[in-house]
Amino acid sequence: MTTYRGPAVFLAESGQRFDADANLTSTTPDDWGGTLTFHDSTMVQALLKSPDGHVLIGGQSGEVSRRGAPTWSPTTGDPFVIDVFGAGLAPF
């Protein structure tokens with residue numbers, strides 16, 4: 001099992017780029033997933049419209065899809081966290 005915890009970029013299908021903190025785990029090179037945490041609440045609406053995209057880590061790219069509905073409330077001040085699962089090779 002391989003894990004990655006650190007900075008990442010979520011590249012939405014729309015072409016928008018969002019900085020994130022990644023917490024990802026891979027049991028095999030093509031079976032991976034985890035969470036992406038976004039700290040800028042101004043981009044939540046754009047993220048809600050972008051369920052699929054790519055995670056960029058250190059020049060590597062991996063295709064991801066959102067798993068389930070994110071739980072986030074604009075009144076709590078918490079970061080926006082989404083669960084993702086990867087398709088293809090992990091970017092870490």
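No experiment lies behind these values; they were computed from the predicted model shown.

(A) Representation of the environment of Asp-78 in the model. Considering the arrangement of structural elements, one finds Asp-78 in the loop between strand E5 (60-66) and strand E6 (80-87). Sequence-wise, Asp-78 and Gly-58 are 20 residues apart; in three dimensions their C-alpha atoms are separated by 26 Å.

(B) Molecular detail of the side chain of Ser-50. As for its position among the elements, Ser-50 is in the loop between helix H1 (44-48) and strand E4 (52-57). Judged by its relative accessible area of 8%, Ser-50 is buried. Beyond its immediate stretch of four places on either side in the chain, Ser-50 contacts Phe-10, Ala-12, Ser-14 and Arg-66.

Reading guide: rules and limits
Residues numbered from 1 in each chain as written. Predicted model: local features only at pLDDT ≥ 70, side-chain atom pairs only at ≥ 80, totals over all residues. Heavy atoms only, no water. Helix = DSSP H or I, 4+ residues; strand = E, 2+ residues; numbered from the N terminus. Buried < 20%, exposed > 50% of the residue type's maximum accessible area, 1.4 Å probe, protein only. Contact = heavy atoms within 4.5 Å.

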